[in-house]
Amino acid sequence: MTAPIIDIRDVSKRYDDGPPALAGLTLSVEKGEALAVLGPSGSGKSTLLNMIAGLDRPTEGSVTVAGARVDRMSETASARFRRERIGMVFQFFNLLDDLTVLDNVLIPAQLSGVGRAEARDRAAELLDNLDIARHARAYPGRLSGGERQRVAVARALMNRPALLLADEPTGALDSASGAEVRELLAELNADGQTILLVTHDLALAGSCATRTIELVDGRIARDEHAVAR
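Residues numbered from 1 in each chain as written. Predicted model: local features only at pLDDT ≥ 70, side-chain atom pairs only at ≥ 80, totals over all residues. Heavy atoms only, no water.

1. Things to note about the overall build of the chain
Helices and strands together make up the secondary structure of the chain, namely 7 helices and 10 strands. Its C-alpha atoms give the chain a radius of gyration of 17 Å, near enough to 17 Å, the size a compact globule of 229 residues would have. When the backbone C-alpha atoms are referred to their principal axes, the chain occupies close to 50 × 40 × 40 Å. Counting every position in the chain, which comprises 229 residues, the buried fraction comes to 51%. When contacts within the chain are restricted to residue pairs at least 6 apart in sequence, those whose partners lie at least 24 apart make up 67%. Carbon and sulfur atoms form 48% of the exposed surface of the chain, whose accessible area is close to 11000 Å². The distance from the centre of the 27 positive side-chain charges to the centre of the 32 negative ones in the chain is 4 Å. (Helix = DSSP H or I, 4+ residues; strand = E, 2+ residues; numbered from the N terminus. Rg over C-alpha atoms; globule rule 2.2 N^0.38 Å. Buried < 20%, exposed > 50% of the residue type's maximum accessible area, 1.4 Å probe, protein only. Contact = heavy atoms within 4.5 Å. Areas by Shrake-Rupley, 256 points an atom, 1.4 Å probe, with all protein chains shown as cover. Lys, Arg positive; Asp, Glu negative; His and termini not counted. Charge placed at Lys NZ, Arg CZ, Asp CG, Glu CD.)

2. Observations concerning helix 1 (residues 45-52)
The buried fraction of helix 1 is high, at 6 of 8 residues. Buried within helix 1 we find Lys45, Thr47, Leu48, Leu49, Met51 and Ile52.

3. Some remarks on the pairing of strand 7 (residues 163-167)
Two faces, one strand: in a regular strand the side chains alternate between the faces of the sheet. Most of strand 7 is tucked away: 4 of the 5 residues are buried. Bridge count between strand 6 (residues 86-89) and strand 7: 4 bridges; the pairing is parallel. Bridge pairing in strand 7 links Met88 to Leu165. (Pairing = 2+ DSSP bridges.)

4. A word on the pattern of salt bridges
Side-chain pairs of opposite charge can arise whenever the charged atoms involved come near each other. Across all of its chains, the model carries 12 salt bridges by this definition. Here Asp71 ties to Arg69 by a salt bridge, and the two come within 2.8 Å at their closest N and O atoms. Relative accessible area serves as the criterion here: at 11%, Asp71 is assigned to the buried category. Overall, Arg69 belongs to the partly exposed group, its relative accessible area being 28%. Here Glu214 ties to Arg222 by a salt bridge, and the two come within 3.2 Å at their closest N and O atoms. A relative accessible area of 26% means that Glu214 is categorised as partly exposed. Residue class for Arg222 comes out partly exposed when judged on its relative accessible area of 27%. Three or more residues joined by partner-sharing salt bridges are found here, namely Glu33, Arg211 and Asp223. (Salt bridge = Lys/Arg side-chain N within 4 Å of Asp/Glu carboxyl O.)

5. Observations regarding the nonpolar core
Counting 39 residues, the largest nonpolar core has Leu127, Met158, Leu164, Leu185, Leu188 and Leu197 as its most contacted members. Among the elements of the structure, strand 3 (34-38), helix 3 (101-111), helix 4 (116-129), helix 5 (145-157), strand 7, helix 6 (175-190), strand 8 (195-198) and helix 7 (202-208) are those that each provide at least two residues to this core. Tallying contributions element by element places helix 5 first for this core, with 6 residues. In this structure, Met158 is in contact with Val105, Leu106, Pro108, Ala109, Ala119, Arg122, Ala123 and Leu126, ignoring residues within four places of it in sequence. Among the nonpolar cores identified, the runner-up in size contains 30 residues, and Ile6, Leu35, Leu49 and Leu163 belong to it. (Core = buried A, V, L, I, M, F, W, Y, C linked by side-chain atoms within 4.5 Å.)

6. Topic: the pairing of strand 4 (residues 60-65)
The sheet contact formed by strand 1 (residues 6-13) and strand 4 spans 5 bridges and is antiparallel. What sits directly across from Ile6, in strand 4, is Val65. In terms of strand pairing, strand 4 meets strand 5 (residues 68-69) through 2 bridges, oriented antiparallel. Paired with Thr64 across the two strands is Arg69, which belongs to strand 5.

7. Digging into the sheet that holds strand 5
Pairing is antiparallel in the open sheet, where 4 strands are placed in the order 2-1-4-5. Single-partner strands in this sheet number two, and they are strand 2 (22-29) and strand 5.

Structure below.
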């Protein structure tokens, strides 16, 4: 039996004297799952995402991602781990407007020291698979929201991450573009990509998640697996 991609044990996080952002949370995510994390504002969704990405540390408990204890890593090691093992997609794309689509997608490979020819081959493959190859020389500002999010997904997948994290990936999109991104994430998961997404978009959770959890006050209030489609 293979180890889970995400293994969180008894994690609590306190920022001040108020109630904890996470309260004794335990969560395991297997390879190939697409997990949607739902919950009201202040429920702990962003804190959970930051813990998994190694951007924040728990007050108590352990966080293991792709076999590595991210809660014990130095900032340098954590940054390297994110670069090599985790892809991240954000609500507002976080693309560099003064770089072309192709150059935006190449950034993770360049930071990881991948050879130029290999990196360009990988980028071309991703742009083709995500149906944005025709925009390779364009600048992000000339693209629609849905197209920019596809570029962001391509960038996140550049180094073949074990885990794709998506933070409100449809939150800044119109309904048509949001539907495109939902379909894209569902296709990626069907191809074997493990995904964890934080969202308020019930349509996104319903269309591409194989499992949904709901956080309330830093605890898992609901954990449901989707009916096989």
